Amino acid sequence: MTRAVLSARELTFRYGDVAGIAGLSLEISEGRRLAIVGANGAGKTTLLLHLNGTNRPASGTVLLRDEPVTYDRAGLTALRTAVGLVFQNPDDQLFAGTVYQDVSFGPLNIGLAEGVVRERVEEALEALEISHLRDRPTHMLSYGQKKRAAIAGAVAMGPDVLILDEPMAGLDPSGFWHLMGLLTRLHEAGATLVVATHDMSLAYEWADEVAVLRDGAIVAHGDPQDVMHDPAELAHSGLRVPWVADVAQTLRDCGVLPPDVPSPRTRDELKELIAARCRVGEDARPDQRSRATGLSELG
Ligand SMILES: Nc1ncnc2c1ncn2[C@@H]1O[C@H](COP(=O)(O)OP(=O)(O)OP(=O)(O)O)[C@@H](O)[C@H]1O
Ligand SMILES: [Mg+2]
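A. Broad picture of the site of ligand 1. Within the structure, ligand 1 sits among 13 residues, and Tyr-15, Asn-40, Lys-44, Thr-45 and Thr-46 are positioned closest to it. Mapped by element, the contributors of at least two residues to the shell around ligand 1 are β2 (18–29) and α1 (44–51). With 3 residues, α1 is the single largest residue contributor to the shell around ligand 1. In terms of residue class, the shell around ligand 1 is built from 3 nonpolar, 9 polar and 1 charged.

B. Expanded view of the sheet that holds strand β4 (residues 59–64). If you walk across this open sheet you meet the 4 strands as β2-β1-β4-β5, and the pairing is antiparallel. Of all strands in the sheet, those bounded by a partner on one side alone are β2 and β5 (67–68). The sheet contact formed by strand β1 (residues 4–15) and β4 spans 5 bridges and is antiparallel. Across the sheet, Leu-6 pairs through a bridge with Leu-64, a residue of β4.

C. Just the packing of helix α3 (residues 99–109) against helix α5 (residues 143–156), in detail. It is at 7 Å that the axes of α3 and α5 come closest, and there the two elements cross at 30°. Taken as axis vectors, α3 and α5 run roughly parallel relative to one another. Here α3 runs over α5; the crossing is right-handed. Touching Val-99, Asp-102, Val-103, Gly-106 and Pro-107 of α3 are Ala-149, Ala-152, Gly-153 and Ala-156, all from α5. Of the residues that constitute the contact of α3 with α5, the class distribution is 6 nonpolar, 2 polar and 1 charged.

D. Spatial organisation of unusual backbone geometry. Positive phi values are uncommon outside glycine, yet Glu-10 reaches one of about 50°. Unlike most non-glycine residues, Arg-65 shows phi in positive territory, near 45°. Checked against the element boundaries, Arg-65 lands in the loop between β4 and β5. A count of 12 C-beta atoms within 10 Å places Arg-65 in the exposed class.

E. Just α5, in detail. When the terminal C-alpha atoms of α5 are compared, their 20 Å separation across 14 residues agrees well with the 20 Å that a helix rising 1.5 Å per residue should span. Across the 14 residues that make up α5, a large majority, 12, are buried. For α5, the complete set of buried residues consists of Gln-145, Lys-146, Lys-147, Arg-148, Ala-149, Ala-150, Ile-151, Ala-152, Gly-153, Ala-154, Val-155 and Ala-156. Just past α5, the residue Gly-158 takes up positive phi, approximately 60°.

F. Representation of α1. Among the 8 residues of α1, 8 are classified as buried, and the element is accordingly described as predominantly covered. For α1, the complete set of buried residues consists of Lys-44, Thr-45, Thr-46, Leu-47, Leu-48, Leu-49, His-50 and Leu-51. Looking at the residues trailing α1, positive phi occurs at Gly-53, about 80°.

G. Quick peek at the pairing of β1. Here β1 pairs with β2 via 9 bridges, running antiparallel. Across the sheet, residue Ser-7 finds its bridge partner in β2, namely Glu-27. Hairpin connection from β1 to β2: 2 residues lie between these consecutive antiparallel strands, with Gly-16 at a positive phi of about 60°.

H. Fine view of the sheet that holds strand β9 (residues 209–214). Here we have 6 strands laid out as an open sheet, ordered β6-β7-β8-β3-β9-β10, and mixed in their pairing. If you trace the sheet from one side to the other, it starts and ends with β6 (83–86) and β10 (217–222), each paired once. Averaged over all neighbouring strand pairs, the angle between strand axes comes to 15°, with direction disregarded. Against the sheet, α1 makes contact with β3 (33–37), β6, β7 (161–165), β8 (192–197) and β9, and its axis sits at roughly 155° relative to β7, the strand it touches most.

Criteria and cut-off values
Residues numbered from 1 in each chain as written. Chains lettered and ligands numbered in written order. Predicted model: local features only at pLDDT ≥ 70, side-chain atom pairs only at ≥ 80, totals over all residues. Near = placed C-beta within 6 Å. Helix = DSSP H or I, 4+ residues; strand = E, 2+ residues; numbered from the N terminus. Nonpolar A, V, L, I, M, F, W, Y, C, P; charged D, E, K, R; others polar. Pairing = 2+ DSSP bridges. Axes fitted to C-alpha atoms, helices over the stretch in contact; angles between N-to-C directions. Parallel < 35°, antiparallel > 145°, perpendicular 65-115°, else oblique. Left-handed = near helix turned anticlockwise from the far one by under 90°. Contact = placed C-beta atoms within 7 Å. Buried ≥ 20, exposed ≤ 12 C-beta atoms within 10 Å, placed from the backbone. Expected span 1.5 Å × (residues − 1).

Below is the structure:
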């Protein structure tokens, strides 16, 4: 069992009369990729804002490596150095004049040497493919470019835990794949990653663990294949079974895939399973294959 790097215990937070989260507990294990899924309004953003100390719970405790977070200057600096948060809306995050200034602000603020800051910022800009935008004022960026700049700012801090709120929303396919690649590299380098999303396919494909958030509380947490297979239970949380799992189940039900075949997690894994079945079918019916290809078995 890996150690919890960050924990939430019985957190409660209200926005006036509206419950944001209500008695929420969650353990985030070191070095894991956790997806937090939930419908609009479930409380994902409210929870994440607690995990880096932006919000202070009305009751309950946030713990960093088993130590309760303190909300004084030193406590918040320690928390935010260890835990980076990329906001859902990049306009809530970006504030400095240019992209370069914005991405370098955090590392400078925690007192890193200028050379180290320069190196980290260059790496982050390159990783998010926005080096060419370095001198652009942040208010003169497209939404997806702002999103990339906000992610670069968090990455440049080199946090132990990187938390991203709907990171893929607004990214084009190239941005999506680059971010997936970057998250893989950060994970391989030992970072703990947390992504909040209602993109069930992303969570199913990417995460080691999935936590389902409903009405401000975690209602399920575990292996993606255990947590994300029950259509009725997910519908209760305003969510759907990921399409890959759904199609694989239909193919099993109608006998195209064997009942014991391991569940595919990605589009490519599903395609490979179907292609393998097609090959089995071809081997079993050489006469049909030769008709289909127009080739005789002899010639
Ligand atoms: N600034 C606010 N003022 C009042 N209520 C708020 C505010 N922000 C969120 N809420 C309420 O708190 C609850 C949780 O909202 P939250 O933004 O955490 O949900 P979410 O899961 O992040 O949703 P989404 O998928 O839309 O981003 C909702 O009922 C929401 O209406
Ligand atoms: Mg949100």
